[in-house]
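A closer look at the structure
Below are the chains, spelled out letter by letter.
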Amino acid sequence: MKEYTNYIFDLYDTLVHIRTDEGKPALWRKSAAFLKRRGVYWQSQMLHVAYLRLCHEADAALRKELHTDLPEIELFDVFRELVAHPMKPHNLSPAEIERIAKELALFFRKTSREFLYPYPGTLETLARLRANGKHLFLLSNAQSCFTRSELE
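Attention in this report is confined to the structure presented alongside it.

**Quick look at the overall build of the protein**
Check the secondary structure of the protein and you find 6 helices and 4 strands. Order of helices (α) and strands (β) in the protein, N terminus to C terminus: β-β-α-α-α-α-β-α-β-α. The C-alpha atoms of the protein give 19 Å as radius of gyration, which overshoots the globular expectation for 152 residues (15 Å, by more than 25%). Buried positions account for 33% of the 152 residues belonging to the protein. For the protein, contacts bridging at least 24 residues in sequence account for 74% of all contacts bridging at least 6. As displayed, the protein has an accessible area near 10,000 Å², and 55% of this comes from carbon and sulfur atoms.

In structure tokens:
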């Protein structure tokens, strides 16, 4: 078998197995409560509807812009919009909106995630490659607002 110097991997469904469920009502109740504690008011069902609408709008715009049927929207923009324009107005600064949107993205992912674990043998294989002087690269189109914390 040919030896390579560089190895490129995708993260999700290649190195790790993950399952999320964004449809469970508890996710939206908990997310609305999370936001309320930060002064951002959403009723849970309205938060879910707004999230889906914003995702749909971003998806349609990106399909048109890129002329593709499978765009990958930036979900952080959706979270930022949910924080910036809730059901009840707030007086948050742009920096506070950005901070809360980052917190929301992490909370949302953690709460929607049912499991996340490396596939059997993954960690050992990566360690063996590194020990043999191989260069490992992660190349992914995953959402950076989720992925960085999940890599840890």
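**A few points about helix H3 (residues 75-84)**
Buried residues of H3: Leu-75, Phe-76, Val-78, Phe-79, Leu-82 and Val-83, and no others. Across the axial projection of H3, the buried residues extend over an arc of 155 degrees, all falling on one side. Where the residues of H3 are buried, they touch helix H1 (25-36), helix H2 (44-66), helix H4 (94-112) and helix H6 (144-151).

**Digging into the pattern of salt bridges**
Inspection of every chain in the model, using the stated rule, returns 9 salt bridges. The shortest N-O distance in the salt bridge between Glu-150 and Arg-109 comes to 2.7 Å. Of this pair, Glu-150 sits in helix H6 while Arg-109 sits in helix H4, and the two are 41 residues apart along the sequence. Considered together, Glu-150 and Arg-109 belong to a single accessibility category, that of buried residues.

**Digging into the packing of H3 against H4**
In the contact formed by H3 and H4, the axes pass within 8 Å of each other and the chain directions differ by 120 degrees. As far as their axial angle goes, H4 and H3 are oblique. Classified by chirality, the crossing of H4 by H3 is right-handed. Contacts from Phe-76, Phe-79, Arg-80, Val-83 and Ala-84 in H3 reach Ile-97, Glu-98, Ile-100, Ala-101, Lys-102, Leu-104, Ala-105 and Phe-108 in H4. A per-class count over the contact of H3 with H4 returns 10 nonpolar, no polar and 3 charged.

Rules behind the numbers
- Residues numbered from 1 in each chain as written.
- Predicted model: local features only at pLDDT ≥ 70, side-chain atom pairs only at ≥ 80, totals over all residues.
- Heavy atoms only, no water.
- Helix = DSSP H or I, 4+ residues; strand = E, 2+ residues; numbered from the N terminus.
- Rg over C-alpha atoms; globule rule 2.2 N^0.38 Å.
- Buried < 20%, exposed > 50% of the residue type's maximum accessible area, 1.4 Å probe, protein only.
- Contact = heavy atoms within 4.5 Å.
- Areas by Shrake-Rupley, 256 points an atom, 1.4 Å probe, with all protein chains shown as cover.
- Arc of directions from axis to C-beta.
- Salt bridge = Lys/Arg side-chain N within 4 Å of Asp/Glu carboxyl O.
- Axes fitted to C-alpha atoms, helices over the stretch in contact; angles between N-to-C directions.
- Parallel < 35°, antiparallel > 145°, perpendicular 65-115°, else oblique.
- Left-handed = near helix turned anticlockwise from the far one by under 90°.
- Nonpolar A, V, L, I, M, F, W, Y, C, P; charged D, E, K, R; others polar.

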